[in-house]
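Residues per chain, in single letters:
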Amino acid sequence: MKRVKRSIIPFTFAGLMSVTSLGWTTTAFGAVNFSDVPDNHWASQYITKMGLRGVASGYEDGTFHPNFTVTQAEALSLAMRNMGLKSAAESYKGTSGKSYNAPAWAKGYIGLAIDKGLIKPTENRFTPGQPATRAWVAQLMVRMINKDSEAAANTGASNFLDSSSIPSWASRYVKTAVDYGILSGYADNGGYVFKPNQAITRAEMLTLLSNGEKYLDIESNQTQVGTLQAINHTALAIKSSNNNTVHTYAITDQTIFYDHKKKVTVDDIKPASEAIVIGDGTNASYVELTGDTGNSAGTGGAGNTGSNGDTSSANTVMKVTVEKVYPEANTLIVKDDNSKLTTYAVDSQVKLNGNGGTLTNISQLMSGDVIQATVSPDGKIIEIARTGESQASPLQGTVYDVDASSKLITIKSASGKLAAYQYSDSTTVDYKNHRFPTVGDLKQGDSVKLVVDGQNIVSSITLQAAQDAPGVTGTVKTILPDQNFITVQKDDGTLQAYKVDPNVTVTLNGTSSAAISDVQSGDQISLTADNGTVTAIAVTNRTSTDQPGMINGTVYAVDQTNRIVSLKMASGDLKAYELAATAPQIVVNGITNPALSDLKKDMNVSVQLDSDNKIIYINADNRVKAQISRIDMDNRLLTVKLTTGELKVYIVSNNVTIVAHDLRTIDIGDLRVGDNVSMTLSGSQVGKIEVERAIVYRITNVNTSVNLLTGQDDAGNIRNFDLSSGITFTAPGNPYPKASDVKVGDVIKGTYLGDTLKSIALLPSITGTVVSVDTDNNKFSVRDYNGVLTDVPFNTGSIINSGDLQYASLNALHKGDRVQVADATNNTKTVSVMKAIQTTFTSLDPLGDRVYTTVGSYYLPQSLFNRLPNLDTTLRGINKNDKIVIYQFNNEVYDISTGN
């Protein structure tokens, strides 16, 4: 989970400092050995860690009293210190919490807790001096990790034997705290009990705070969270997960090491591990490995809440195939019978067996080995038995060169490496549609499979796909129109990438007027290629407009050398995928084809796989996409609804950059509830907000030769829309719209994210005469030029444009008005009233295309006659000095009426 960065200001560690409010004292940094907490105490790790972090401490006599219970005020203050709010609480000057009967030291904590939503006075559940029960602390922990809204929606029932004794208000908090591994139950008669009314002890409280660390940002001057870059017996280096800064520490005899909950030595800690390091800036006092194990919580939930509070499960034994081996990181990637890849850490004391004792180190394992692996409850492989050794797989790649004089064939592998192999006169070649093929028939770029014998001589070559094969049929996997690039999965299952000729002929719906931008991922196509360049594409069956096989998660690790991306799924599982041989399309934060190194840990990511479960498309984004639910301008807080449905609160930086198209906004007050936004975090605060805005334009010009539209919005701003630039363009009832499908006067909606145009849509519109206006029911009726009568609702937010004025009331509309009605945002309408020129007819041009009146002459476009077939007869029946009304729309005559 992405950590929320907060600034932690720890206790002053110079000498002793009494904290009489809690009855505890802090001591000099690193001095956390309490006389009543031996090393084998079940909570020793958590007491040590929280003492070093400055969250909690002991008494002046050197004791800790782990079994003393804590009050609600004490529990609240500890949770807020864990969140990094100590300094803010102790300097709090607000009025919240003044009514509580609490010690002076607690007033600031209580007031800030109310402002932060950790406690809510209307609930009447907070009594500062009362013992903190397990049920009450469950609520506090859920709010500490900002999952209050999730708890409100958590209707699942807990499996505790004493669930009936859990207060009704607490049941959802207990379930959520268990789901997130913060609280668990106690074993009892084959099940688990929760003991909701039992008071929390000091040791238990620190354990719960430790369990919640992974959902917070606990980095400070003393505490670093990130990835170990290097470690030995004298020093270590850790790269911060927040800002990629590398911090170095010396390792001393007093440095304590933990692998999750297990105390270990420095020899058990390996580089590339995720870890917490606590130190004084020079020496490391505490090192804890924190990387995900991939295990889910058991029945009672994960997380120790006391000496009897752990829930565990038996070891898991599985038969899998080795995919990748990383001996230096004690890590294996294995594949199960369903070809699912899973990454496992290997215990440093792993027990090895295999084929007569030949397996003595995991470095001896190789891809293709079949093993029986035993996995412990904490997700580590603790025993490996090799049951089958790898059989060399056929070599695959594309032909890079064929040297007939030396009888060498060089192929390029999926990783981009070149390898040369000797062939002989007896080498067989399977080349479809060729009689008696030889190695000389192969061409550069051909996809081939080689079988090499024991003497490293190629015994056979099978052509899998010819680079310049005409008449290829298959399914489009990726299409990059701006780069003239297409990837096709052929009918035989192989994947092939092609360059596309800029003048390619694209046939769609029986016509050849389509462009490459009309081809979509998922289309069934037939293509013709010449020397590897596609010259013609025919879409034979459009089966899907979505990219199939999309997998969503967050980036866990990127192995650039071996081209493997590991993802963390919503379930918590880790999955590793190899990149396809053809360079996949990569999009990071909207930027196309950056370097693979631009994929960063914790980025939200969607990947598309080919039939071999290899990545052919990656779209990664570290921006938070959400809809604004509440704006607190005083405290600069945004409550948003994430795409997952979760409500979450973010702090908006004082220096935030807010971008909304055509709105030069500088602060949070310019945002609106209901806005869709994309937020970029800077530390714990929102540093940039891009607002989604929809703007309606009326088309003023259509240039079909360059596929260009020109539109004007209600404010008079003019914009060109280049439909060849890759903009998504949609139109009702037309799956492949082009500029030629749009007419002057049509209405389009442009959707922007910040200042970036994301899509345009041709909006349904009605043009005709207002027949009736019903202000009581907020609706009106329009009869179009085909005689169809339509009732139009005038919902709140709809507008009427008449001349240079804009109205929000239906009273501005009148029977007989000529109007254009277009859909706008949020189920509203934009009504444009045509300019009505009441004048006196004088004459008609002999050609019949211009009307002369007492106020001027007006050209009559051909589109007017097309729309009004009887207009010519009507015009020739008008007499001099007759009264007429000319209606103009976008400075063009749109209608003429007589007899007014």
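All of these numbers come straight from a predicted model, not from anything done at the bench.

Colleague: Explain the overall build of the chain residue by residue, including any values.
Modeller: Regarding its fold elements, the chain presents 10 helices and 55 strands. Within the span of the chain, comprising 900 residues, buried residues form 48% of the whole. The long-range share in the chain, meaning contacts at least 24 apart out of those at least 6 apart in sequence, stands at 58%. Counting every atom, the chain has about 42000 Å² of accessible surface; 46% of that belongs to carbon and sulfur.

Colleague: Can you tell me about the nonpolar core, naming the residues and giving the values?
Modeller: Judged by nonpolar contacts, the single largest core of 70 residues is most densely connected at Leu 76, Met 80, Ile 110, Met 141, Met 205, Leu 206 and Leu 209. Breaking this core down by element, the ones donating at least two residues are α1 (44-53), α2 (72-82), α4 (104-116), α5 (134-144), α7 (171-179), α8 (202-211), β7 (246-259) and β9 (274-279). In terms of residue count, the dominant contributor to this core is α5 (8 residues). If we skip the residues at most four places from it in the chain, Leu 206 touches Tyr 46, Ile 47, Met 50, Ala 56, Phe 64 and Leu 78.

Colleague: Residue-level account of α4, with values.
Modeller: Those residues of α4 not exposed but buried are Ala 106, Gly 108, Tyr 109, Ile 110, Gly 111, Leu 112, Ala 113 and Ile 114. Of the surrounding secondary structure, the elements contacted by the buried residues of α4 are α2 and α3 (86-90). Within two residues after α4, Gly 117 carries a phi angle of roughly 85 degrees, on the positive side.

Colleague: Which residues make up the packing of aromatic side chains, and what are the values?
Modeller: One pass over the full model with this rule turns up 10 aromatic pairs. When the ring of Phe 160 is compared with that of Phe 194, the centres are 5.2 Å apart and the planes differ by 45 degrees; the resulting orientation is tilted. Highlighted residues: Phe 160 in the loop between α6 (148-152) and α7 and Phe 194 in the loop between β4 (191-193) and α8, separated in sequence by 34 residues. Taking 5.3 Å as the distance between ring centres and 85 degrees as the angle between the ring planes, the aromatic pair formed by Tyr 180 and Tyr 215 counts as edge-to-face. One end of the pair, Tyr 180, is in the loop between α7 and β3 (186-188); the other, Tyr 215, is in the loop between α8 and β5 (223-231), with 35 residues separating them in the sequence. The exposure classification of Tyr 180 matches that of Tyr 215, with both residues buried. The ring of Phe 194 is capped by Arg 134, whose NZ or CZ atom sits 4.5 Å from the centre of that ring. Stacked on the ring of Tyr 186, the Lys or Arg Lys 195 has its end atom at 4.5 Å from the ring centre.

Colleague: Got a sec to walk through the pattern of salt bridges? Specific residues and values, please.
Modeller: Throughout the structure, instances matching the rule amount to 17 salt bridges. In this structure, Lys 175 and Asp 179 form a salt bridge, with 3.0 Å as the shortest nitrogen-oxygen distance. Here Asp 179 and Lys 175 lie together in helix α7, a separation of 4 residues that amounts to about one turn. For Asp 179, a relative accessible area of 44% gives the class partly exposed. Here the residues in one salt-bridge network are Lys 120, Glu 123, Arg 125, Arg 143 and Asp 148, joined through shared partners.

Colleague: Please give an account of the pairing of strand β30 (residues 585-588) that cites residues and values.
Modeller: Covered by surrounding structure in β30 are Gln 585 and Val 587 together with Ile 586 and Val 588, the residues of both alternating faces. Direction of pairing for β30 relative to strand β31 (residues 591-592): antiparallel, over a ladder of 2 bridges. Paired with Val 587 across the strands is Thr 592, a residue of β31.

Colleague: Explain the side chain of Ser 781 to me, using residue names and the numbers behind them.
Modeller: Summarising the element assignment, Ser 781 is placed in strand β45 (residues 779-784). Judged by its relative accessible area of 8%, Ser 781 falls in the buried class. If near-sequence neighbours (up to four positions away) are discounted, Ser 781 is found in contact with Thr 769, Val 770, Val 771, Ser 772, Leu 789, Thr 790 and Asp 791.

Colleague: Would you mind going over the sheet that holds strand β55 (residues 892-898) in detail, with residue names and values included?
Modeller: Across the sheet, which stays open at both edges, the 5 strands sit in the order β53-β52-β51-β54-β55 with antiparallel pairing between neighbours. In this open sheet, the two strands that pair with only one neighbour each are β53 (856-859) and β55. Taking each pair of neighbouring strands and ignoring which way they run, the sheet shows an average axis angle of 45 degrees. Both strand β54 (residues 883-889) and β55 contribute to a ladder of 6 bridges, which runs antiparallel. Within the sheet, the bridge partner assigned to Phe 889 lies in β55 and is Glu 892.

Colleague: Would you mind going over the packing of α2 against α8 in detail, with residue names and values included?
Modeller: The N-to-C vectors of α2 and α8 enclose an angle of 30 degrees; their axes lie 10 Å apart at closest approach. Between α2 and α8, the crossing angle belongs to the class labelled roughly parallel. The handedness of the crossing between α2 and α8 is right-handed. In this structure, α2 uses Ala 75, Leu 78, Ala 79 and Asn 82 to contact α8, whose residues at the interface are Met 205, Leu 206 and Leu 209. Its residues placed into classes, the contact of α2 with α8 shows 6 nonpolar, 1 polar and no charged.

Colleague: Tell me what's going on with the environment of Lys 263, and back it up with residues and numbers.
Modeller: Within the secondary structure, Lys 263 is located in strand β8 (residues 262-264). Note on Lys 263: relative accessible area 47%, which makes it partly exposed. Taking C-alpha positions, Lys 263 is 10.0 Å from Val 287, a pair spaced 24 residues apart along the chain. Setting aside chain neighbours within four positions, we find Lys 263 in contact with Asp 39, Ile 256, Phe 257 and Tyr 258.

Colleague: Describe the sheet that holds strand β47 (residues 799-802), and please don't skip the residues or the numbers.
Modeller: One open sheet holds the 7 strands; their spatial order is β46-β45-β44-β49-β50-β47-β48, and the pairing between them is mixed. Of all the strands in the sheet, just β46 (789-793) and β48 (805-807) have a single pairing partner and so form its edges. Going from strand to strand, the sheet's axes swing by 35 degrees on average, the running direction of each strand aside.

Colleague: How would you sum up the environment of Met 205? Please name residues and give values.
Modeller: By the secondary structure assignment, Met 205 is in helix α8. The contact partners of Met 205, leaving out residues within four places of it in the chain, are Ala 75, Leu 78, Val 137, Leu 140, Met 141 and Ile 200.

Colleague: Would you mind going over the pairing of strand β22 (residues 485-490) in detail, with residue names and values included?
Modeller: Of all 6 residues in β22, 5 are buried; the element is thus mostly enclosed. Where strand β21 (residues 472-480) lies against β22, 6 bridges are found, and the strand directions are antiparallel. Of the residues in β22, the one forming a bridge with Thr 475 is Gln 489.

Colleague: Could you give an account of α2, naming the residues involved and the relevant values?
Modeller: Think of an α-helix as 3.6 residues a turn; residues three or four steps apart then line up on the same face. Most of α2 is tucked away, with 11 of its 11 residues classed as buried. Of the residues making up α2, those classed as buried are Gln 72, Ala 73, Glu 74, Ala 75, Leu 76, Ser 77, Leu 78, Ala 79, Met 80, Arg 81 and Asn 82.

Colleague: Residue-level account of the packing of α5 against α7, with values.
Modeller: With their axes 8 Å apart at the nearest point, α5 and α7 run at an angle of 60 degrees to one another. By the angle class used here, α5 and α7 are oblique. When the axes of α5 and α7 are compared, the crossing they make is left-handed. Side by side, α5 and α7 meet where Ala 138, Gln 139, Val 142 and Arg 143 of the first sit next to Tyr 173, Val 174, Thr 176 and Ala 177 of the second. Here the residues of the contact of α5 with α7 sort into 5 nonpolar, 2 polar and 1 charged.

Conventions we followed
- Residues numbered from 1 in each chain as written.
- Predicted model: local features only at pLDDT ≥ 70, side-chain atom pairs only at ≥ 80, totals over all residues.
- Heavy atoms only, no water.
- Helix = DSSP H or I, 4+ residues; strand = E, 2+ residues; numbered from the N terminus.
- Buried < 20%, exposed > 50% of the residue type's maximum accessible area, 1.4 Å probe, protein only.
- Contact = heavy atoms within 4.5 Å.
- Areas by Shrake-Rupley, 256 points an atom, 1.4 Å probe, with all protein chains shown as cover.
- Core = buried A, V, L, I, M, F, W, Y, C linked by side-chain atoms within 4.5 Å.
- Phe/Tyr/Trp six-rings, centres within 6.5 Å; stacked < 30°, edge-to-face > 60°.
- Lys NZ or Arg CZ within 6 Å of the ring centre and 35° of its normal.
- Salt bridge = Lys/Arg side-chain N within 4 Å of Asp/Glu carboxyl O.
- Pairing = 2+ DSSP bridges.
- Axes fitted to C-alpha atoms, helices over the stretch in contact; angles between N-to-C directions.
- Parallel < 35°, antiparallel > 145°, perpendicular 65-115°, else oblique.
- Left-handed = near helix turned anticlockwise from the far one by under 90°.
- Nonpolar A, V, L, I, M, F, W, Y, C, P; charged D, E, K, R; others polar.

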